[in-house]
Amino acid sequence: GKTALYNELAKLREQNPAMIQVHITQYPATARRYNRMLVFEKGKIVADASPEKIFADTQFCNRTALTVSLAEQQYPGFPKLLNHTSEQNGTVLTQIDIKKISFRFPGMTDTVLHDITTTVAAGESLGVIGSSGSGKSTLALILCGLLEPSSGEVIYYSVDDTIIPRDEITGQVAVILQQPERQFFLPSCAEEVAFGPKNLKRPLQQSQVENMLHAVGLPPEEFAVKDPFRLSGGEKRRLAFAAVLSMMPRVVIFDEPTCSLDQEGVGRFIALVRALQNRGIGIVIISHDGDILHYVTENILLLDRNRGSQVFPTSDFFRNPQLARTVSPLTWE
């Protein structure tokens, strides 16, 4: 889709050289395609030059979040926040097995998912890719029990390999939706973060709510009382991270997690995934971002509506040029 857009824009420029094109983006790889780049910070233009000149100033790029640092020590708040004990959740989920599931929406003839088999285990990270309409978000809703497969089965296992009924996984499998505002419904950011734990009979103290906001890059003194629907796209995504992770789930599904995030937010997300993995949390990342998939996943599930699904070790996936070009090119190698 991105390639098609770039090609069409190039044709337009050829047909009308006087056309002015303004591309607003968070992605350095996109900005590098242009001969002039403006950088905004706190409502003001702080740089106006060629991308090459701007990106050559490492100190400036770090200060304005144009580049990402992958050092986890940059975000010390996460390791202290994401603690989880079996006493809080009763029967602890450790693995989800998906066995030959298919799915068709009621009243439709087309099958969205066909014969999908994979596993999501504690402490492991699975990437899910596929073209638009291949069923990635539908799979996420099936994993967390919001949809039931038309055929096949989803089995939830506890630490002793006993099966957990689907209606008992509440709070243990959570999804952060592709449009985060779809899961907001309260008047302030602090209330969004506090609601899940309160509903699970594990209320947070005010200081814990503030720590969660701070950890995702939303200073509580500024954002605690803000209306979630008045946040920017990237801020909404950060709030969704905090609202879901405050419940301390055992498996977290991220649907396009880095969309709308600046590069500081991307680095913070990577630190977040590392912290979750270190605590034995299962991670599912639905994304078209090659860098994210390459850097934080161990296996990749490729969904294809015509040919079914396949699971590849991440290293094997990116060594295969035909597979690798189904996601964005790597820039962090």
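All values derive from a computational prediction rather than experimental measurement. (Residues numbered from 1 in each chain as written. Predicted model: local features only at pLDDT ≥ 70, side-chain atom pairs only at ≥ 80, totals over all residues. Heavy atoms only, no water.)

**Student:** I tried to follow the packing of aromatic side chains on my own but got confused; where do I start?
**Tutor:** Given two aromatic rings, one states the distance between the centres and the angle between the planes to describe the pair. Summed over the entire model, instances satisfying the criterion amount to eight aromatic pairs. Taking the centre distance of 5.1 Å and the plane angle of 85 degrees together, the rings of Phe-254 and Phe-269 count as edge-to-face. Of this pair, Phe-254 sits in strand β9 (residues 251-255) while Phe-269 sits in helix α12 (residues 263-278), and the two are 15 residues apart along the sequence. In this pair, the class of Phe-254 matches that of Phe-269, namely buried. In textbook terms, an aromatic cluster arises when at least three aromatic residues are bridged by ring pairs, as seen for Phe-241, Phe-254 and Phe-269. Directly above the ring of Phe-55 sits Arg-32, whose terminal nitrogen or CZ lies 4.0 Å from the centroid. We note Lys-226 situated over the ring of Phe-223; from NZ or CZ to the ring centre the distance is 4.6 Å. (Phe/Tyr/Trp six-rings, centres within 6.5 Å; stacked < 30°, edge-to-face > 60°. Helix = DSSP H or I, 4+ residues; strand = E, 2+ residues; numbered from the N terminus. Buried < 20%, exposed > 50% of the residue type's maximum accessible area, 1.4 Å probe, protein only. Lys NZ or Arg CZ within 6 Å of the ring centre and 35° of its normal.)

**Student:** I would appreciate a short explanation of the pattern of salt bridges in the present structure.
**Tutor:** Going through the model one piece at a time under the given rule, you end up with 10 salt bridges. A salt bridge links Arg-63 to Glu-41; its shortest N-O distance comes to 2.7 Å. Of this pair, Arg-63 sits in helix α4 (residues 58-63) while Glu-41 is found in strand β1 (residues 37-41), placing the two residues 22 residues apart along the sequence. A relative accessible area of 51% means that Arg-63 is categorised as exposed. The salt bridge involving Glu-264 is made with Arg-238; its shortest N-O contact spans 2.8 Å. Here the residue Glu-264 occupies a position in helix α12, and Arg-238 occupies one in helix α11 (residues 233-245), the gap between them amounting to 26 residues. Residue classification places Glu-264 among the partly exposed residues on the basis of a relative accessible area of 21%. Through salt bridges with shared partners, one network takes in Arg-238, Asp-262, Glu-264 and Arg-268. (Salt bridge = Lys/Arg side-chain N within 4 Å of Asp/Glu carboxyl O.)

**Student:** I would appreciate a short explanation of the nonpolar core in the present structure.
**Tutor:** One recurring pattern in soluble globular proteins: nonpolar side chains tend to sit buried together. In terms of nonpolar packing, the biggest core is built from 35 residues, with Leu-213, Leu-239, Phe-241, Phe-254, Phe-269 and Ile-285 touching the most fellow members. Looking at this core, the elements with two or more residues in it are β8 (173-176), α8 (189-199), α9 (206-215), α11, β9, α12, β10 (282-286) and α13 (290-296). Not counting residues up to four positions away in its chain, the partners in contact with Phe-254 are Ile-176, Phe-241, Phe-269, Leu-272, Leu-276, Ile-283, Val-284, Ile-285 and Ile-286. Counting 28 residues, the second largest nonpolar core, distinct from the first, contains Leu-126, Val-128, Ile-169 and Val-175. (Core = buried A, V, L, I, M, F, W, Y, C linked by side-chain atoms within 4.5 Å. Contact = heavy atoms within 4.5 Å.)

**Student:** I'm lost on the side chain of Lys-136 in this one. Help?
**Tutor:** Residue placement: Lys-136 occurs in helix α7 (residues 136-143). An unpaired buried charge is present at Lys-136: no salt bridge exists, and Glu-256, the closest side chain of opposite charge, is 5.5 Å distant. Within the local environment of Lys-136, its side chain forms a polar contact with the backbone oxygen of Ser-131, the two atoms lying 3.2 Å apart. If sequence neighbours within four positions are ignored, Lys-136 has contacts with Val-128, Ile-129, Gly-130, Ser-131, Ile-286, His-288 and Leu-303. (Lys, Arg positive; Asp, Glu negative; His and termini not counted. Polar contact = N/O pair within 3.5 Å; in protein donor to acceptor, adjacent residues only side chain to side chain.)

**Student:** How should the sheet that holds strand β3 (residues 93-103) be read in this particular structure?
**Tutor:** With antiparallel pairing, the four strands of this open sheet are ordered in space as β4-β3-β6-β7. Looking at which strands have only one partner, the edges of the open sheet turn out to be β4 (113-121) and β7 (163-164). In this sheet, β4 lies alongside β3 in antiparallel orientation, the contact comprising six bridges. Bridge assignment links Asp-97 to a residue of β4, and that residue is Thr-119. Against the sheet, α7 makes contact with β3, β4 and β6 (151-158), and its axis sits at roughly 130 degrees relative to β3, the strand it touches most. (Pairing = 2+ DSSP bridges. Axes fitted to C-alpha atoms, helices over the stretch in contact; angles between N-to-C directions.)

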